[in-house]
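Report on the structure
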Amino acid sequence: MLNEVMIEKKTGQKIEPPKPVKLLHLDAYIPGEYSSEEEKIELYQKIENVKNENELIELRKEVRDIYGKLPDSVALLFRKRNIDLILEKDCFDDIEEIGEYLKITLSKKFSSINGIGNKLFDALKGMLDKINVSYISHILSIKIKKEGDYLTYLEAITDIISTLYEEAKKWD
């Protein structure tokens with residue numbers, strides 16, 4: 001936050017603060033035997049401070065080079081951060097865990113794009129047995145049941161939405 005204020009003072013341009021990220025309840029952590037306590041703290045900070053997907057890929061390679069194969073719990077940390085980065089984009093408004101479901105609420109900006117609902121439905125039709133798409137009060141949302149490999153569905157859905165949003169920007 002302080003960094004954004006300093007940049008704003010220097011350049012005169014208002015910097016939009018990043019959207020707050022909601023934590024998904026995942027068993028993502030760095031096991032005790034993977035690294036020392038100091039290294040773990042540093043690694044958690046590095047993962048959290050990554051600003052984009054390319055930086056995250058590079059950090060994952062670096063960690064693998066230094067520590068070897070990533071345990072599932074560490075790989076899950078990287079997946080979670082990747083999801084967080086995607087959900088910071090303008091096309092997403094919120095993600096919440098509601099009981100046994102994840103609910104992704106898309107932004108008003110995304111939901112109001114002419115024809116986007118049809119394109120989204122077409123892109124997601126192979127997953128309709130795993131998800132529920134709704135359009136209420138001019139806002140699109142998607143519910144995913146938290147069973148099986150639901151994170152893979154979440155990643156695929158967020159990628160589809162991001163891609164549709166980028167394509168829609170070109171329509172104007």
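A short tour of the structure in this document, coming up. (Residues numbered from 1 in each chain as written. Predicted model: local features only at pLDDT ≥ 70, side-chain atom pairs only at ≥ 80, totals over all residues. Heavy atoms only, no water.)

1. Side note on the packing of helix α2 (residues 37–49) against helix α4 (residues 72–87)
Orientation of α2 relative to α4, taken along the N-to-C sense of each, is 25°, at an axis distance of 9 Å. Considering the angle they form, α2 stands roughly parallel to α4. In the crossing of α2 with α4, the sense of the turn from one axis to the other is right-handed. Judged by residue contacts, Y44, I47 and E48 of α2 engage L77, F78 and R81 from α4. A per-class count over the contact of α2 with α4 returns four nonpolar, no polar and two charged. (Axes fitted to C-alpha atoms, helices over the stretch in contact; angles between N-to-C directions. Helix = DSSP H or I, 4+ residues; strand = E, 2+ residues; numbered from the N terminus. Parallel < 35°, antiparallel > 145°, perpendicular 65-115°, else oblique. Left-handed = near helix turned anticlockwise from the far one by under 90°. Contact = heavy atoms within 4.5 Å. Nonpolar A, V, L, I, M, F, W, Y, C, P; charged D, E, K, R; others polar.)

2. Topic: the side chain of K40
Within the element layout of this structure, K40 appears in helix α2. The class of K40 is buried, set by a relative accessible area of 10%. Those residues in contact with K40 that sit more than four places away from it in its chain are I30, P31, G32 and S35. (Buried < 20%, exposed > 50% of the residue type's maximum accessible area, 1.4 Å probe, protein only.)

3. Brief notes about the sheet that holds strand β4 (residues 139–145)
Across the sheet, which stays open at both edges, the four strands sit in the order β1-β2-β4-β3 with antiparallel pairing between neighbours. At either end of the open sheet lies a strand with only one pairing partner, and these are β1 (92–98) and β3 (131–136). Taken pair by pair, the neighbouring strands of this sheet meet at an average axis angle of 20°, ignoring direction. Both β3 and β4 contribute to a ladder of six bridges, which runs antiparallel. (Pairing = 2+ DSSP bridges.)

4. Focus on the packing of aromatic side chains
The full count for this structure, using the stated rule, is two aromatic pairs. Seen from their ring centres, Y34 and Y67 are 5.3 Å apart, and the 35° between their planes marks the pair as tilted. Taken together, the positions of Y34 in the loop between α1 (2–11) and α2 and Y67 in helix α3 (residues 53–67) put the pair 33 residues apart, joining distant regions of the chain. A relative accessible area of 12% places Y34 in the buried class. Ring geometry for F110 versus Y165: centroids 6.1 Å apart, planes at 45°, classification tilted. Here Y165 lies in helix α7 (residues 150–171) and F110 lies in helix α5 (residues 108–111), a separation of 55 residues in the sequence. What makes F110 buried here is its relative accessible area of 0%. For K143, the ring lying beneath its charged end belongs to Y101, and the centroid distance is 4.9 Å. (Phe/Tyr/Trp six-rings, centres within 6.5 Å; stacked < 30°, edge-to-face > 60°. Lys NZ or Arg CZ within 6 Å of the ring centre and 35° of its normal.)

Don't take any of this as a statement about function, it's just geometry.
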